[in-house]
Amino acid sequence: MPSRQPARCRRYKDVSRVSGKGLPTSVKFHFDCVFYYVSDLERSIRFYRDVVGLKLASRDIVARFDIDGVLFEAVPAHDESVQRHAGNARLCLRVDNVEGALKELQAKGVHTGKAQSKGNGKLGSFEDPDGNEICLWEYLSGK
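J.: How would you summarise the pattern of salt bridges if you had to cite specific residues and measurements?
T.: By the definition in use, this model includes eight salt bridges. Within this structure, Asp 60, Arg 64 and Glu 73 form a network of salt bridges that share partners.

This is the structure:
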């Protein structure tokens, strides 16, 4: 059965395919940040700064961490319904040695997953105090 959505409501990729070009826009988009909702801002600051080792760039109603010039924010969630939604976004940090990074986190009391080979790299993961997944990625040289 064909879609009943008008063209203006279709997904961007569908509209682009129909028109043969990207959607025209006068808006220029700029990257701002990646963020996770957290239940306790102070606890999250301690975790990301003291355990993970991220640089706290600023703090007001949110905490901002600088990761190689990209802002990662811990944003207090006053409504529990916005936390821990099943989605596909993850904070992924590149490391030189996934297994070494996981061992260091474990030594700090963080429960981690095991390193997994993924073709051109290795992947590891752990969670922040609110259950937000953080991935670690190691590129394998020569691949």
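So that's the structure; there's more coming.
J.: Let's hear about the confidence of the model for the chain: which residues, and what values?
T.: Counting all residues, the mean pLDDT for the chain is 82, and 75% of those residues have values of 70 or more. Long-range and interchain partners of residues 1–19, a stretch whose pLDDT sits below 50, account for nine contacts in this model, where long-range means more than four residues apart.

J.: Could you give me a rundown of the environment of Gly 109, with the residues and numbers involved?
T.: Its place among the elements puts Gly 109 in the loop between helix H3 (98–107) and strand E6 (116–117). For the pair Gly 109 and Val 51, spaced 58 residues apart in sequence, the C-alpha separation works out to 9.0 Å.

J.: Pulling in residues and values, what's your account of the layout of surface pockets?
T.: Taken as a whole, the largest pocket spans an internal volume of roughly 510 Å³. As for the largest pocket, its lining consists of 23 residues, of which Val 52, Leu 54, Ile 67, Leu 93 and Arg 94 are closest to the centre. Counting only elements with at least two residues in the lining of the largest pocket, the list comes to strand E4 (70–76), strand E5 (91–94) and H3. If you tally residues by element for the lining of the largest pocket, the top one is E5, at four residues. For the lining of the largest pocket, the class distribution of residues is 16 nonpolar, one polar and six charged.

J.: I'd like a description of the sheet that holds E5, backed by residues and values.
T.: Pairing between sheet strands relies on hydrogen bonds along the backbone, with the strands arranged either parallel or antiparallel. Spatially, E5-E8-E7-E6 is the arrangement adopted by the four strands of the open sheet, whose pairing is mixed. Strand pairing shows two members of the sheet lacking a second neighbour, E5 and E6, which therefore form its edges. Relative to strand E7 (residues 121–127), E6 runs antiparallel, the two sharing two bridges. Paired with Ser 117 across the bridge in E7 is Lys 122.

The rules behind the values
Residues numbered from 1 in each chain as written. Predicted model: local features only at pLDDT ≥ 70, side-chain atom pairs only at ≥ 80, totals over all residues. Heavy atoms only, no water. Salt bridge = Lys/Arg side-chain N within 4 Å of Asp/Glu carboxyl O. pLDDT = per-residue confidence, 0-100. Contact = heavy atoms within 4.5 Å. Helix = DSSP H or I, 4+ residues; strand = E, 2+ residues; numbered from the N terminus. 1 Å grid on protein atoms, 1.4 Å probe; cavity = no way out; pocket = protein on both sides within 12 Å on 5 of 7 lines; lining within 4 Å. Points joined across faces, edges and corners; volume = space filled by probe spheres on them. Nonpolar A, V, L, I, M, F, W, Y, C, P; charged D, E, K, R; others polar. Pairing = 2+ DSSP bridges.

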